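Close look at the chain arrangement
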Amino acid sequence: FRYTRNLVDNGNGKFNLMILCWGEGHGSSIHDHTDSHCFMKILQGNLKETLFEWPGKKGNGEMTKKSERVLRENQCAYINDSIGLHRVENISHTETAVSLHLYSPPFNTCNTFDQRTGHKHKVTMTFYSQFGERTVCVSTRRDAPR
Amino acid sequence: LPAGLSQWFPALEVLDVSGTGLAEMGTELLSLPCLHTLLAKNNRLGGPGSLPKGLEQAPLARSLRVLNLSGNRFSEVPPALLQLRGLRSLSLGGNRLHGIPPDIQELQSLEFLYLGGNFITAIPPELAKLPSLRYLVLCDNKIQSIPPQLAQLHSLRSLSLHNNLLTYLPREILNLVHLEELSLRGNPLVVRFVRDLTYNPPSLQELAGRTVKTRNVPYAPSDLPESLVRYLSLASNCPNPKCGGVYFDSCVRQIKFVDFCGKYRLPLMHYLCSPECSSPYSSASQSSTSQSESDSEDEASVAAHRMQKVLLG
């Protein structure tokens, strides 16, 4: 019971366009964007974006917050790995949120980061639905669907 | 609510009065026999008249399945709410709750409970008596510890605990067979191996009790005073798989780290029957965390593999 990733268009392999649906209190882990461009637009509700610095080489110790902001309906945001890492969350306990994401080039793995230690872990991302059809989960137990 | 609601719309099944500034919902609700979903979020409910009197006898008590009261001003769960025996989904997110009443166990059909964004400091063990509970959201509160009894929530699939004041979890959390998602970020979880050195030596009664239990000394109720028979029945098994001993009141609290999917190390509180029960290496090297990890690995690896979506970072 977490936010869902719903693929809308894969642009002939050049990009992934997807809709994310966030329930109350749902948030993502801190993640990178695998050298791709990432555009995000809020279609409904509000999402809080917290930017983090990349952890140091040793990855020991609390990660450094750069900034945070609340994105309102129709606002857009952009990020790539040279800007930093981020966590996106719906902090509302009463409203759901919906966001539109464009990733170019498309990617299906990224790294998630433990805020307390900076340790990173590669994960494979999966879709809840693709082009309107529910995607049945066939991942092995080691995958962490995002 | 407008008077005559049930006369005009007797077949009403879903009522959404969210964001209308409602301060109370009156007796109009009591005569709606088919109502299964009531959404009243973002209002001014929370005072005495929020829910009508006489709810217990109304058809609503059996028909209502979904109730959303998030974004209101409830400082306690209204007792009338606990009469809604058929309730499957309850949201009181974003209110002013300071606690959860033990009588929450009355809502035996509850599957989804959202209590995020309140001021809750503790969880009553009675919450564990909800056999159908699948999703439990307690994020953004002030919770300092989780009662081990929560491990009895056999249907629990998703547990949201992020942004609280937890320093460790009870090891019983590994017994939640169907738990797939656990969010723990934003808690001051202990990161280093901690050992509670305050150990009160067991009483003579405890030592005798331990011997009776571990050596299977036979006894009948006629052999002992009733109080001692009861005492012997309260023995807890030492969780150390290499021990097999029991303890009564005297135990050592120890935090051990459990590896989840090779990703995160969660601090779990263990109760052991004596300091000697911990890892054979730990007394020699308290600062080494690798020994404590390997010690917990066997007992926790099976459960940890199940929890694929532990969200810690």
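As the structure is a prediction and not an experimental result, all values here were calculated from the model.

Examining the pairing of strand β4 (residues 37-44) of chain A
All names here are of chain A.
- Pairing between β4 and strand β9 (residues 97-104): 7 bridges, direction antiparallel. Its bridge partner being in β9, C38 is matched across the sheet by Y103.
- Pairing analysis gives 4 bridges linking β4 to strand β7 (residues 76-79), with the strands arranged antiparallel. Within β7, the position partnered with K41 by the bridge is C76.

Focus: the UniProt feature "binding site: Fe cation" (unreviewed entry) in chain A
Residues and elements named next belong to chain A.
- When the UniProt feature table is mapped onto this chain numbering, "binding site: Fe cation" (unreviewed entry) sits at H31, H33 and H86. These residues run over 56 residues, yet every pair of their C-alpha atoms falls within 9.3 Å of each other.
- Relative to the elements of secondary structure, H31 occurs in strand β3 (residues 30-31).
- Engagement of the side chain of H31 in a polar contact is seen with the side chain of H33, the distance being 3.5 Å.
- With relative accessibility at 1%, the residue H33 sits in the buried group.
- Filtering out sequence-adjacent residues up to four positions away, H33 remains in contact with C38, I79, D81, H86, Y103 and F107.

Structural notes on the nonpolar core
- Core analysis: the largest hydrophobic core is formed by 59 residues, its most contacted members being B:L81 and B:L136.
- The residues touching B:L81, leaving out its near neighbours within four places in the chain, are B:L51, B:L67, B:L69, B:L87, B:L90, B:L92 and B:L107.
- Ranked by size, the runner-up nonpolar core spans 21 residues in total, among them A:M40, A:L51, A:A77 and A:I79.

Structural notes on the sheet that holds β9(A)
Residue and element names in this part refer to chain A.
- Reading across from one edge, β7-β4-β9-β2-β1-β12-β13 is the order of the 7 strands in this open sheet, with mixed pairing throughout. Sheet topology places β7 and β13 (133-134) at the edges, where each strand pairs with a single neighbour.
- Bridge count for strand β1 (residues 4-9) against strand β2 (residues 16-22) is 5 bridges, and the pairing is antiparallel. When the sheet's bridge partners are listed, N6 is paired in β2 with I19.

Some points on the environment of A:G27
- Residue position: A:G27 is located in the loop between β2 and β3.
- Separated by 98 residues in sequence, A:G27 and A:M125 place their C-alpha atoms 15 Å apart.
- Setting aside residues no more than four positions away along its own chain, A:G27 makes contact with A:Y3, A:W22, A:V88, A:E89 and B:R185.

Examining the environment of B:V17
All names here are of chain B.
- Looking at the element boundaries, V17 is found in the loop between β1 (14-16) and β2 (37-39).
- Judged by its relative accessible area of 12%, V17 falls in the buried class.
- A sequence separation of 26 residues divides V17 from N43, and the C-alpha atoms of the two residues are 8.5 Å apart.
- With sequence-adjacent residues up to four places away left out, V17 is seen in contact with L1, L22, L39, A40 and N43.

Here we look at the state of the cysteines
All names here are of chain A.
- Summed over all chains, the structure comprises 0 disulfides over all chains.
- Left unpaired, C21 is separated from the closest cysteine sulfur, that of C38, by 16 Å.
- Considering cysteine sulfurs only, C38 is the nearest to C76, which forms no disulfide, with 11 Å between them.
- A relative accessible area of 52% places C76 in the exposed class.

Quick notes on the rules
Numbering of residues starts from 1 in each chain and follows the order in which that chain's sequence is written. Here the convention is simple: chains get letters from A, ligands get numbers from 1, in the order in which they are written. The predicted origin of the model limits local features to residues at a pLDDT of at least 70 and limits the giving and counting of side-chain atom pairs to 80 or more, whereas totals for whole chains, interfaces and linings rest on all residues. For side-chain calculations, the full set of non-hydrogen atoms in the structure is used, while hydrogens and water are omitted. Pairing between two strands is assigned when DSSP locates at least 2 bridges connecting them. A run of H or I in DSSP counts as a helix once it spans at least four residues, and a run of E counts as a strand once it spans at least two, with each numbered from the N terminus. UniProt positions are given in the numbering used here, feature names are shortened, and annotations may be inferred rather than shown by experiment. What qualifies as a polar contact is a pair of N or O atoms within 3.5 Å, subject to a donor-acceptor requirement within protein and to the restriction that residues adjacent in sequence count only when both atoms come from side chains. Burial classes: relative accessible area under 20% of the type maximum marks a residue as buried, over 50% as exposed, and values in between as partly exposed (1.4 Å probe, protein chains only). Whether two residues are in contact is decided by their heavy atoms: any pair within 4.5 Å suffices. Buried Ala, Val, Leu, Ile, Met, Phe, Trp, Tyr and Cys residues that are joined via side-chain atoms within 4.5 Å together make up what is termed a nonpolar core. By convention in this document, the label disulfide applies to cysteine sulfur atom pairs within 2.5 Å.

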